[in-house]
Amino acid sequence: MGKYFFNETDIRSAWENVLTAFWQRYPNPYSTHVLTEDVVFREVTPDNCLLSRRLLTKTNRLPRWAERIFPGNLARSVYIVEDSIVDPNNRRLTTLTWNLNHSTLMTVVERCVFHGERDRPVWTRLTREAWISSGVFGLSRPIQEFGLSRFKSNQIKAMKGLEHALSKLHLSAAQSHHGDASKDTSEKAKNLTPSSSSQKPQEFV
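As the structure is a prediction and not an experimental result, all values here were calculated from the model.

*Asks:* Can you help me understand the overall build of the protein chain in this one?
*Replies:* In terms of helices and strands, the protein chain carries three helices and seven strands. Residue burial in the protein chain is summarised as follows: out of 205 residues, 34% are buried. Looking at the protein chain alone, contacts between residues at least 24 apart form 58% of all its contacts between residues at least 6 apart. Taken as a whole, the protein chain presents about 13400 Å² of accessible surface, with 54% of it coming from carbon and sulfur.

*Asks:* Is there a simple way to explain the pattern of salt bridges in this structure?
*Replies:* Once the charged atoms of two side chains with opposite charge are near each other, the side chains can pair. Inspection of the entire model under this criterion finds twelve salt bridges. Among the ionic pairs, R54 bridges to E82, the shortest N-O distance being 2.8 Å. Residue R54 is located in strand β3 (residues 50-59), and its partner E82 is located in strand β4 (residues 77-87); the two are separated by 28 residues in the primary sequence. Accessibility classification places R54 together with E82 in one group, the buried group. Salt bridges sharing common partners tie together E8, D10, E117, R120 and R125.

*Asks:* What should I look at first to understand the nonpolar core in this one?
*Replies:* Side chains that are nonpolar tend, in soluble globular proteins, to be buried together. Grouped together as the largest cluster of nonpolar side chains are 15 residues, with contacts concentrated most on I11, W15, V18, L93, F114, L126 and L162. Going through the elements one at a time, α1 (15-23), β6 (107-116) and α3 (140-192) are the ones with two or more residues in this core. Listed in part, the twelve residues of the second largest apolar core include A66, L105, I132 and F151.

*Asks:* How do you make sense of unusual backbone geometry when you look at a structure like this?
*Replies:* Glycine aside, residues mostly have negative phi angles, and peptide bonds mostly take the trans form. Along the chain, Y26 connects to P27 via a cis peptide bond; the corresponding omega equals -5°. Positionally, P27 belongs in the loop between α1 and β2 (34-44). The backbone of R91 shows a phi angle near 50°, a positive value even though the residue is not glycine. Inspection of the secondary structure puts R91 in the loop between β4 and β5 (92-99). Positive phi values are uncommon outside glycine, yet H102 reaches one of about 60°. Locating H102 in the fold gives a position in the loop between β5 and β6.

*Asks:* I'm lost on the sheet that holds β4 in this one. Help?
*Replies:* Adjacent strands of a sheet pair through backbone hydrogen bonds, lying either parallel or antiparallel. With antiparallel pairing, seven strands are arranged side by side in an open sheet as β1-β7-β6-β5-β4-β3-β2. The open sheet has two free edges, formed respectively by β1 (3-11) and β2, since each of these has just one partner strand. Going across the sheet, the axis of each strand differs from the next one's by a mean of 15°, ignoring polarity. Two strands pair when backbone bridges link them, and β1 and strand β7 (residues 124-133) are joined in this way by nine bridges, in the antiparallel orientation.

*Asks:* Looking at this structure, how should I read the pairing of β6?
*Replies:* Consecutive side chains along a regular strand alternate between the two faces of the sheet. With seven bridges connecting them, β5 and β6 associate as antiparallel partners. Among the inter-strand pairings, L96 is bridged to a residue of β6, identified as R111. In this structure, β6 lies alongside β7, joined through ten bridges in antiparallel fashion. Residue E110 lies in a different strand from β7, and its bridge partner there is A130.

*Asks:* Honestly, the packing of aromatic side chains in this entry has me stumped. Any pointers?
*Replies:* A complete count under the given rule lists four aromatic pairs for this structure. Where Y4 meets W131, the ring centres are 5.7 Å apart and the plane angle is 50°; that geometry is what we call tilted. A residue pair is termed long-range when its members are at least 10 positions apart, and Y4 in strand β1 and W131 in strand β7 qualify at 127 residues. Here W131 falls in the partly exposed class, since its relative accessible area comes to 37%. Taken together, the aromatic side chains of F22, W23 and F114 make up a single cluster linked through ring pairs. Across from the ring centre of F22, 4.0 Å away, lies the NZ or CZ of R25, which sits over that ring. The ring of W23 has R42 lying over it, and the distance from NZ or CZ to the ring centre is 4.9 Å.

Rules behind the numbers
Starting afresh in each chain, residues are numbered from 1 along the sequence in its written order. The predicted origin of the model limits local features to residues at a pLDDT of at least 70 and limits the giving and counting of side-chain atom pairs to 80 or more, whereas totals for whole chains, interfaces and linings rest on all residues. As a convention, hydrogens and water are excluded, and side-chain values are obtained from all of the structure's heavy atoms. Runs of E in the DSSP output that reach at least two residues are strands. Runs of H or I that reach at least four are helices, and both are numbered from the N terminus. Think of it in three bands: with a 1.4 Å probe and only protein chains considered, a residue is buried below 20% of the maximum accessible area for its type, exposed above 50%, and partly exposed in between. Here, two residues are considered to be in contact whenever any of their heavy atoms come within 4.5 Å of each other. In these tables, accessible area is a Shrake-Rupley quantity obtained with a 1.4 Å probe, and a residue counts as shielded only by the protein chains included in the view. Salt bridges are counted wherever a side-chain nitrogen of Lys or Arg sits within 4 Å of a carboxyl oxygen of Asp or Glu. For the purposes of this section, nonpolar cores are sets of buried Ala, Val, Leu, Ile, Met, Phe, Trp, Tyr and Cys residues that join through side-chain atoms within 4.5 Å. For two strands to be treated as a pair, DSSP must find at least two bridges joining them. All axes are obtained by fitting lines to C-alpha atoms, using only the stretch in contact for helices, and the reported angles, taken between N-to-C directions, cover 0 to 180 degrees. Geometry of aromatic contacts follows a simple scheme: Phe, Tyr and Trp rings, the Trp one being its six-membered ring, pair when their centres are within 6.5 Å, and the pair is stacked under 30 degrees between planes, edge-to-face over 60, tilted otherwise. For a ring to carry a charge above it, either NZ of a lysine or CZ of an arginine must fall within 6 Å of the ring centroid while also lying within 35 degrees of the normal to the ring plane.

Structure representation (C-alpha cells):
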C-alpha cells in the first residue's frame, strides 16, 4: 500500500495567464533541481486540444540512511515524463508525470488539473494528486515516507516557481502597457504643440 497526496489551491490569476506561465516556469530560483526539459511530442487534435509529452531531468539526491544501503553508482539524476492536455474550450490543463528510472526504488505518479472557472474569471483552481510506491522488500514503508516528504517539499517549490513565472508575466504586460501609453501621450503632445513657423495673423475688417 503506497502513499497518497491530495491538495487543492486557488491561484489568483486568469487561466490563460497560468497556462502561459506553466510553459515558461523553468528555469526559476525555486526549482534548481530541474536540470533540463525537452519536448518529445506535440500535436493538436481535431477538437482543438494540445497534446504534449516532455522529458525532464531532475536531481535525485538520496537521504543519508539510503546512501548506506544502495550502491554508490546509483544515478544521481531522475528522468521524468510529463504528458499534458490543454483543452481551451473547457479552460482546462491536465498533466500526468512519472519517473522512468529508479522505479523499483520508488515510483511517483502525479496528476495536476488547472481549471479556469467561468464564474471566477480571475481565478484558477489547481487540483494536485500523487501516488508514491516502492518495490524494495522490507524498506518500502520508510522509502514511501521519504518520498511523500520530499514530494510535499517539491510541490511547495513548484508553486513558488509558478508564481515567479506569473509575476514576470504580469510585470512584462504592465511594462508593455505603460510603454504604449507613454507613446500615445507623446504623440498627442506632439500634435498639440504649435507650429514653429510664424504666420501673419488674419485681419478682419
